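# Fold and geometry: a report
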Amino acid sequence: MKLFFNLFKNKSEFSRKSKSAPDFEKMSAESRRRFLALMGATTALTATACKDYRDKGEIISYNRKPQDVTYGKANYYASTYRDGSPILIKTREGSPIGITGNDIHPTSKGKVSIQAEASILDLYDPERLKFPLKNGNKTEWKTANQEIVKRLDEISAKGKEIAIITGKINSPTYAKLLNDFAGKYKNTGIYPIELFSDRNKRLAWNACYESNEYPAIDWSKANVIVAVEADLFASDGVPPEQINEITKRRSGEKAENFNRIYAIEAGMSLFGANADYHIRVRPGVYYSLLLAIYNDLVVKLAPFGHSTIGDYSIEKVVAENKLNQKKINALLNDLLNNQGKSIVYVGDNLPVQLHIIANFINDILSAYELYDYNSSYVEFFKILETSEIENLIGRMKQGEIGAVIFADINPAYILPPDFDLQGALKNIELKIALTERENETSKLSDFVLPINHPFESWGDYQTRKNIVNLQQPVIEPIFDTRQKEAILLSWIYGNNAEYSFDLYHKYLKNKYLEVAKQLNAVDFDSFWYSALHDGFIQLKGNEKNITKPKLIILRQTKKPIEDSGISIVLKKSPLIGDGRYSSNGWLQEIPHPVSKIVWDNYAAISPITAKRYGLDYKDFKSSVIKISIGSKEITMPILLQPGVAEDTIIIELGYGRKEAGTIGTGVGFDAIPLMDKTLSVVLSGAKIEKTGKKYKLFATQEFHKLEDEYLKDLHRKRQLIQDGTVAMYLSNPNFIQKQRIMTEEEIDKHSVNPPHNYPEAKWAMAIDLSRCVGCSNCVAACNVENNIPIVGKEECGNGREMHWMRIDRYYSGTSEEPIVSYLPVLCQHCDMAPCENVCPVVATTHSTDGLNQMTYNRCVGTRYCANNCPYKVRRFNFYDFRHRFADGYYEQDILELLHNPEVTVRSRGVMEKCTFCVQRIAEARQGAKSKGKEFTGAEVRTACQEACPANAIVFGNVNDPNSEISRLIKHNLGYKLIEILGIKPNVTYLAKLRNTNSEDLT
Amino acid sequence: MKKEFLDYVLKVRLPVTLFVIFGAFAVTYYVARPERDGIGYEPEQPIAFSHRLHAGNMQIDCQYCHTSVEKSRHASIPAANICMNCHSVARKDKPEIVKLTKYYEQNKPIPWKRIHKVPHYAYFSHQSHVMQGIPCQSCHGAVENMDVVMQVNSFTMGSCIECHRNPNSRLPKDFPKMKSGPVHCNACHR
């Protein structure tokens, strides 16, 4: 008995301090305010309810309805996102609600980046700046502009410099505008700064070919792709285009056409995870390995104009660094046998020397046959070299610069503290930040002027020689903001011109008058409107230009990276970039494509090295380490990442922002302080030290010990992932079907349920795992389409993330040489769905067209269905997450505009899951029926399907014999997930093929 | 039976039981009145627009004003500029038209009172129904005879389903035999 009472004594549930009256002093202001607000709302509701319960409110129609608006129908406008992605913006009754790709665009082919996909959230971000600030106080545009122009005039008269610091300039009109600015204020300097850019690649190209414009690569023609520390699927080059073109050659449908991917890298990038051969190399070895490959090719092919450099040889490099001889041999063989069809690509941010070697290797391989000179990458202003940045900051310190204008850039965060920008800014009289939201730089500025979101702006983007993408606004500025070009333009005009929303538009149109003339357009207006409609203008590209690089350039290269101590590779985050997207909750919550970590970054380290230092990551608790290089040091949690080279740490940048609003501030750890003034992303000679502290690092998926005999390859044993090699498939096309445990007839025979009838349509999906690279664009698109809430880091840790679609990642092999598989999982819409049988209130049922329907207004939240679902695709609203996350941050009024009006916004206590985009099916059906056509379902595309850069997802009507899906469900690579349960899922996975040399997968 | 017990039953149990029975009946009756579903709701509109005059006497097609009924799930309440197509010339001096002109010129939307409403989680499509030839009147009643529009049918799930199961019960007598409508959840709820 005593024991029984003791039990209660220690349990917190009953013994919480409730002896006396509540201590109001200790209650937070929020909770009191919320209580009062709730009280008020309740009273108001009761009062209105009693007043006239029949009142249904008002219907507010337009006063003058714009002609192209139809209530309830979406309009699409072609535009461009700030990263240059050509997009279509979907608007409903004038508010943007979604992004899709521009299908007719020649280079993007309708594929957009994950950042553009999620960008709609930034438009409605309640923390965007709403009015101009002077020294932190609200001011008017007019007074701010007058004062700025006056002071710029004074500074210019004194002969001091006006520095415009900006990001990479992709816009020809913005470039012209900056030149005009320099025309008015004679001593203006224009300084484009980027942390991650193609600067090194361009420098190397210039050194070898004396041209600043390096050609695009036609990836779909390449048989062999070798990437050196380059994440072509997530952060180097233009990822959506590269995924699209590379995966064209990676499908079981045309297996004889398969390309082969080699990833030579220190870590495990998304590209490495999808590579046929992942060769892990410490970054200090890149130089000698690349030269050894070069020498080997020179010896074997004896090409004209090349000769061996130094005494680098494959045998030596492999022996000294214990590389995998088998994989290196395969690489060399493939390069030799695929001249003109193979290419070596070095990561954009790696040192110039490595790019030069790659250019020479590509020259031997005749890779110019893959080059698309017509579509070369252009640049309008050279991005500053690091010595130039240092010089600029030096002159700031000496007081030579009078005013600094930060045009939508955040150097206070992206420049390492070594530069001491903060100290230099103290000597500047006038600091102006043009920015969408407060950041580290705006906090140091006198004037903070709010600028428009890309969806509210005019503009043009030209990253390629032969194409200009146009940007047009689809909504009036929501807050009192102006676009940065218009602000600069109004300063150029001084007080002579009144600001209008059209100011930059006119300037832009003026610029294109010449272009229209060059293109022999009949009249400008029709040229301009058709260009705006299409979203781009096609221009003349570069001529083919094949010159031989001079060998002396290669001879002069020196080893850029030392191989000492612990090496560190700093990478751009595939989700939040260099930190510029960190206030986007959707991007923060999408699990990292490789590690599946949410809301954090980490130091990725190989399990063996971690063991040596006594570090571990278990049950989401990660050891915190101190990383130091010389006097610089940071602390950071670790992550055990299979495939990382020994004594190497991979860190993604963009995290640890100090001023990024409610969402981005303090998420993750800032590793930029480790960088020095060379801005090199590869560092060596670091030391790590165990601190003994633990940090909670949450992942949406863990993995078993790869060496455990019983757990090893569980996903293959349970047939979640079925894979094989291309050679295996070509010699035995039915090898997947032979592995099946039960045939369809046997499953039917064992079923106790009567089969359903599907008289009209029956919806199904097929996902080609050979094409899927795990980039998570589909997850972002699904979030936007289906009003998915953001739950936050802690709730993700509780397993309560709400994404309807997830990408599972599985490792097999060893922790040194892992083999990675991706598996997108969504509701499988089973014919014999186990969830349907157990719902006590019949909230989840089967539709006549094969959908597993979820009726929110009927759901009472028993969660029986989720317990009975073998795929864990059902998501439960444990809270009203919009209300709960960050104190209702995403519940604010303005975010109502974000919601897709065709999808119910779910609340607390309701189960939800993928619907196969039933709203799109319904719209297509209504459209077909109203035109009197038979509805076949050929026009229905789900959000994930539209967003998939690899075209891995196919959706359609099985009952339509002409549909692609009716062919794919019978494909001989097709399998269903956990088929043996007899629940007859409707998502067919096409088994993953790997293009390795031998038939063994290890 | 003891007297006290009988007394207790008559004094306490019987009245309580009766109260509960009648109370429940009264509440159910009150809640289940057709009026609770909005039938008979006839609010005063900001402008006394008469459907009898426009749709009835003058025979203007419903779709002249409710433009998107064939194109989208919303029938759409006309924007003020549609009224002004005629009334920038016709009957300019009448008091109600003066009101309308004022709204139009001040660029303010007219705050029409809402009469028919399905809950926000039900996605009713005018397009699907109208394009099948179902007359507007089968749900909205004879609007062309109303000076002030009133709700005549209930807009509950029950009435939707009833018609979807047996469409001709609600349609005019001479209407051709119709296929029954979908009754799975996703037909309306998503």
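Residues numbered from 1 in each chain as written. Chains lettered and ligands numbered in written order. Predicted model: local features only at pLDDT ≥ 70, side-chain atom pairs only at ≥ 80, totals over all residues.

Moving on to the overall build of chain A. Along the backbone of chain A there are 36 helices and 39 strands. A compact globule built from 1002 residues would reach a C-alpha radius of gyration of about 30 Å, and chain A, at 29 Å, matches this within 12%. Seen through its C-alpha atoms, chain A measures out along the principal axes to roughly 80 × 80 × 80 Å. The buried share among the 1002 residues of chain A stands at 52%. Of the contacts made within chain A by residues no fewer than 6 positions apart, 74% connect residues no fewer than 24 positions apart. (Helix = DSSP H or I, 4+ residues; strand = E, 2+ residues; numbered from the N terminus. Rg over C-alpha atoms; globule rule 2.2 N^0.38 Å. Buried ≥ 20, exposed ≤ 12 C-beta atoms within 10 Å, placed from the backbone. Contact = placed C-beta atoms within 7 Å.)

Our focus in this paragraph is the overall build of chain B. Within chain B one finds eight helices and one strand. Overall, chain B shows an N-to-C arrangement of helices and strands of α-α-α-α-α-β-α-α-α. A globule of 190 residues ought to have a C-alpha radius of gyration of about 16 Å, yet chain B, at 24 Å, is considerably larger. Each of the three principal axes of chain B carries a C-alpha extent, and together these read 90 × 45 × 35 Å. Evaluated residue by residue, chain B yields a buried proportion of 18% over its 190 residues. Of the contacts formed within chain B by residues at least 6 apart in sequence, a portion of 63% connects residues at least 24 apart.

The parts lose accessible area when they come together, and the size of an interface is often stated as this lost area. Chain B puts 36 residues into the contact, and the matching count from chain A is 31 residues. Contributions of two or more residues to the side of chain B that touches chain A are made by helix 4 (80-87), strand 1 (111-113) and helix 6 (126-131) of chain B. Along the lines of polarity and charge, the residues of the side of chain B that touches chain A split into 15 nonpolar, 13 polar and eight charged. Sheet analysis places strand 1 (residues 58-60) of chain A next to strand 1 of chain B, joined by three bridges and oriented antiparallel. Residue pairing in the sheet places A:Ile59 in a bridge with B:Trp112 of strand 1 of chain B. (Nonpolar A, V, L, I, M, F, W, Y, C, P; charged D, E, K, R; others polar. Pairing = 2+ DSSP bridges.)

Before going further, it helps to spend a moment on the nonpolar core. All names here are of chain A. One finds Val228, Leu290 and Ile361 to be the most contacted residues of the largest nonpolar core, which totals 275 residues. The greatest single-element share of this core, amounting to nine residues, is contributed by helix 11 (residues 286-301). Each residue touching Leu290, except ones within four places of it in the same chain, is listed here: Val228, Leu354, Ile357, Ala358 and Ile361. (Core = buried A, V, L, I, M, F, W, Y, C linked by C-beta atoms within 7 Å.)

Further remarks concern the sheet that holds strand 3 (residues 86-92) of chain A. Residue and element names in this part refer to chain A. Pairing is antiparallel across the open sheet formed by three strands, whose spatial order is 2-3-4. The strands lining the two open edges of the sheet, one partner per strand, are strand 2 (74-80) and strand 4 (95-101). Each adjacent strand pair in this sheet contributes to an overall mean axis angle of 30 degrees, direction not counted. Pairing between strand 3 and strand 4: six bridges, direction antiparallel. Its bridge partner being in strand 4, Leu88 is matched across the sheet by Thr100. (Axes fitted to C-alpha atoms, helices over the stretch in contact; angles between N-to-C directions.)

Our focus in this paragraph is the pairing of strand 16 (residues 430-435) of chain A. Residues and elements named next belong to chain A. Most of strand 16 sits inside the fold, with five of its six residues counted as buried. Relative to strand 16, strand 15 (residues 401-407) runs parallel, the two sharing five bridges. Opposite Phe406, over in strand 16, you have Ala433 as the bridge partner. As defined by bridge partners, strand 16 adjoins strand 17 (residues 447-450) across four bridges and the pair is classed as parallel. The residue bridging Ile432 from the neighbouring strand is Phe447, located in strand 17.

This next bit is on the environment of A:Ile721. Residues and elements named next belong to chain A. As for its placement among the helices and strands, Ile721 is situated in the loop between helix 25 (714-717) and strand 28 (723-725). The spatial distance from the C-alpha of Ile721 to the C-alpha of Leu823 is 7.3 Å, given a sequence separation of 102 residues. The contacts of Ile721, once residues within four sequence positions are left out, are His715, Arg716, Tyr810, Ser821, Leu823 and Lys992.

Before going further, it helps to spend a moment on the sheet that holds strand 38 (residues 987-990) of chain A. All names here are of chain A. Spatial strand order, 36-29-38-37: four strands in an open sheet with mixed pairing. Taken across any chain shown, the strands that pair with only one partner, and hence form the sheet edges, are strand 36 (953-957) and strand 37 (974-975). Judged from the two bridges that link them, strand 37 and strand 38 form a sheet pairing that is antiparallel. Residue Gly974 lies in a different strand from strand 38, and its bridge partner there is Leu990.

So, about the domain arrangement of chain A. Residue and element names in this part refer to chain A. Domains assigned within chain A are domain 1 (74-123), domain 2 (133-197 + 381-456 + 473-500), domain 3 (199-375), domain 4 (566-696) and domain 5 (720-994). A separation of 32 Å is found between the C-alpha centroids of domain 1 and domain 3. The interface of domain 1 with domain 3 comprises six residues on the first partner and five residues on the second. The residue inventory of the side of domain 1 that touches domain 3, partitioned by class, reads one nonpolar, three polar and two charged. (Domains from an automatic or database assignment.)

The domains assigned to chain B are domain 1 (3-32) and domain 2 (37-77 + 112-187). One C-alpha centre belongs to domain 1 of chain B, the other to domain 2 of chain B, and the line joining them spans 43 Å.

It is worth spelling out the packing of helix 4 of chain B against helix 5 (residues 95-105) of chain B at this point. All names here are of chain B. Between helix 4 and helix 5, whose axes approach to 10 Å, the crossing angle comes to 130 degrees. On the basis of their axis angle, the class for helix 4 and helix 5 is oblique. Every pair of crossing elements has a handedness; the one defined by helix 4 and helix 5 is left-handed. Along the contact surface, helix 4 presents Ala80, Cys83, Met84 and His87, while helix 5 presents Ile97, Leu100, Tyr103 and Tyr104. A per-class count over the contact of helix 4 with helix 5 returns seven nonpolar, one polar and no charged. (Parallel < 35°, antiparallel > 145°, perpendicular 65-115°, else oblique. Left-handed = near helix turned anticlockwise from the far one by under 90°.)

With that out of the way, let us pick up helix 29 (residues 777-785) of chain A. Residues and elements named next belong to chain A. With nine of nine residues buried, helix 29 is to be regarded as a mostly interior element. Looking at helix 29, one finds that the buried residues are Asn777, Cys778, Val779, Ala780, Ala781, Cys782, Asn783, Val784 and Glu785. Of the residues one or two after helix 29, Asn787 is the one with positive phi, at around 55 degrees.

Moving on to the pairing of strand 36 of chain A. Residue and element names in this part refer to chain A. Most of strand 36 sits inside the fold, with five of its five residues counted as buried. Neither face of strand 36 is left uncovered, since the one carrying Ile953, Phe955 and Asn957 and the one carrying Val954 and Gly956 both have all their residues buried. Here five bridges tie strand 29 (residues 763-768) to strand 36, and the two strands are oriented antiparallel to one another. Across the sheet, residue Ile767 finds its bridge partner in strand 36, namely Ile953.

What follows concerns the environment of A:Cys772. Residue and element names in this part refer to chain A. Tracing the backbone through its elements, the reader meets Cys772 in the loop between strand 29 and helix 29. For Cys772, a count of 26 C-beta atoms within 10 Å corresponds to the buried category. A C-alpha to C-alpha distance of 27 Å links Cys772 and Ala924, two positions 152 residues apart in sequence. In contact with Cys772, other than residues within four places in its own chain, are Ile767, Tyr822, Pro824, Ala950 and Ala952.

Bringing the confidence of the model for chain B into the picture now. Mean pLDDT over chain B stands at 90; residues scoring 70 or higher make up 99%. Under the prediction, the complex receives an ipTM of 0.87, its pTM being 0.90. (pLDDT = per-residue confidence, 0-100.)

Attention shifts here to helix 9 (residues 239-247) of chain A. Residue and element names in this part refer to chain A. By the criterion of burial, helix 9 is predominantly enclosed, with nine of the nine residues buried. Regarding helix 9, the residues found buried are Pro239, Pro240, Glu241, Gln242, Ile243, Asn244, Glu245, Ile246 and Thr247. Buried residues along helix 9 sit in contact with strand 10 (224-228).

This part covers unusual backbone geometry. Apart from glycine, the bulk of residues carry a negative phi angle, and the bulk of peptide bonds sit in the trans form. Residues and elements named next belong to chain A. Positive phi values are uncommon outside glycine, yet Lys322 reaches one of about 50 degrees. By the C-beta count within 10 Å, which is 8 here, Lys322 ends up exposed. Not every positive phi belongs to a glycine, and Lys596 is a case in point at roughly 65 degrees. Of note, Lys596 is situated in the loop between helix 22 (585-589) and strand 22 (603-605). By the C-beta count within 10 Å, which is 21 here, Lys596 ends up buried.

On average, residues of chain A score 89 in pLDDT, and 95% of them are at 70 or above. pLDDT under 50 marks residues 1-22 of chain A. Its contacts with residues more than four places away, or in other chains, come to two contacts.

Residue and element names in this part refer to chain A. Along the chain, Ile629 falls in strand 24 (residues 621-629). On the basis of neighbour counts, which here come to 19 C-beta atoms within 10 Å, the residue Ile629 falls in the partly exposed class. As a C-alpha pair, Ile629 and Asp893 span 264 residues in sequence and 47 Å in three-dimensional space. Apart from the residues within four sequence positions on either side, Ile629 is in contact with Leu674, Leu683, Gly685 and Ala686.

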